[in-house]
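Residues per chain are reported as follows:
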Amino acid sequence: MDISVIFKIAAIGILITVICQILKKSDRDDIATLVALAGLIIVLSLVVNMVGDLFDSLKSIINLYG
Amino acid sequence: MAVIKIAVVAVIASVVSLYLKKYSPETATLAAIAGGLIIIFLIADYAFGVALYVRSFFSETQIDSVLVKTVFKVTAVAYLTEFSAGTVRDLGEAGLSEKVLLAGKIAVLSMSLPVIGSLFSLIVRIVNG
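Draft legend 1. Focus on the overall build of chain A. A count of helical and extended segments in chain A gives two helices and zero strands. Taking 66 residues into account, the globule formula puts the C-alpha radius of gyration at 11 Å, and chain A, at 17 Å, lies well above it. With respect to the principal axes defined by its C-alpha atoms, chain A has extents near 60 × 20 × 5 Å. Surface accessibility of chain A: about 3900 Å² in total, with carbon and sulfur atoms responsible for 71%. Between the averaged position of the 5 positive side-chain charges in chain A and that of its 6 negative side-chain charges there is a distance of 3 Å.

Draft legend 2. Spatial organisation of a nonpolar patch on the surface. Taken together, the side chains of Leu109(B), Leu113(B), Ile116(B), Leu119(B), Phe120(B), Leu122(B), Ile123(B), Ile126(B) and Val127(B) make up a nonpolar region of the molecular surface, amounting to roughly 860 Å² of accessible area. Counting residues per element, the nonpolar patch draws most heavily on helix H5 (residues 113-128) of chain B, which supplies eight residues.

Draft legend 3. Highlighting the interface of chain A and chain B. Contact with chain A, which involves 28 residues of that partner, is made by 31 residues of chain B. Summing the contributions of chain A and of chain B, the shared interface buries around 2700 Å²; its carbon and sulfur component is 88%. The tally of links between chain A and chain B comes to zero residue pairs in polar contact (both at pLDDT 80 or more). Sorting the residues of the side of chain A that touches chain B by element identifies helix H1 (4-25) and helix H2 (29-64) of chain A as the ones contributing at least two each. Broken down by class, the residue content of the side of chain A that touches chain B amounts to 21 nonpolar, five polar and two charged.

Draft legend 4. The arrangement of helix H4 (residues 94-111) of chain B in detail. All names here are of chain B. Given a rise of 1.5 Å per residue, 18 residues ought to cover 26 Å, and the 26 Å separating the end C-alpha atoms of H4 matches this to within 8%. Taken residue by residue, H4 has Ser97, Leu101, Gly104 and Met111 as its buried positions. The buried residues of H4 occupy an angular sector of 90° when the element is viewed end-on, so they sit on one face. Seen from the buried face of H4, the exposed residues on the opposite side, beyond 90 degrees, are Lys99, Leu102, Ile106 and Leu109.

Draft legend 5. Quick peek at the side chain of Thr27(B). Mapped onto the secondary structure, Thr27(B) falls in helix H2 (residues 25-60). Setting aside anything within four residues of it in sequence, one finds Thr27(B) in contact with Ile9(A), Gly13(A), Leu40(A), Val43(A) and Leu20(B).

Basis of the calculations
- Residues numbered from 1 in each chain as written.
- Chains lettered and ligands numbered in written order.
- Predicted model: local features only at pLDDT ≥ 70, side-chain atom pairs only at ≥ 80, totals over all residues.
- Heavy atoms only, no water.
- Helix = DSSP H or I, 4+ residues; strand = E, 2+ residues; numbered from the N terminus.
- Rg over C-alpha atoms; globule rule 2.2 N^0.38 Å.
- Areas by Shrake-Rupley, 256 points an atom, 1.4 Å probe, with all protein chains shown as cover.
- Lys, Arg positive; Asp, Glu negative; His and termini not counted.
- Charge placed at Lys NZ, Arg CZ, Asp CG, Glu CD.
- Patch = residues over 30% accessible without salt bridge, like charges linked within 9 Å, V, L, I, M, F, W, Y side chains within 5 Å.
- Salt bridge = Lys/Arg side-chain N within 4 Å of Asp/Glu carboxyl O.
- Contact = heavy atoms within 4.5 Å.
- Buried area = accessible area lost by both parts, 1.4 Å probe.
- Polar contact = N/O pair within 3.5 Å; in protein donor to acceptor, adjacent residues only side chain to side chain.
- Nonpolar A, V, L, I, M, F, W, Y, C, P; charged D, E, K, R; others polar.
- Expected span 1.5 Å × (residues − 1).
- Buried < 20%, exposed > 50% of the residue type's maximum accessible area, 1.4 Å probe, protein only.
- Arc of directions from axis to C-beta.

What follows is the structure in structure tokens.
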């Protein structure tokens, strides 16, 4: 669990923004919103996985030292 | 040593989230939350060490395990509530985070009732002599 996750999120954010700009310029706004949504879902799943790990470690604290 | 790494992670996460705020605000907040999670994981093994020491300390005394279990459970719930309230506040929902804090307090209170009960029974026993 090191800092690469943050850089991955930053890369996804920038990439999605670039793609959205390109799609907007070629006036395909509907696809642009879908791409933005997809990017957000990818980042959200990344963070949700980390929150799941946090819950597991908390649960292990409760069970192991109860 | 770990503190230096934590400082670096915190600064980088905030810079990244500031940078992303211009393009897509939601991703920026998610980056900040991810930075917080990384900091927690960096410090997790120290927390395990503290919990181990507290447990060994408690095991010497004859305090029954229910109290110790409650102590650790209350700590975990309190931290979880604090984490989610902070995250919700970051996302801009101040009212919602207050409700989460209230729910956490009530949960902790309900969990610590047996401990309070045993305290009262102890007091009654002492008073009756």
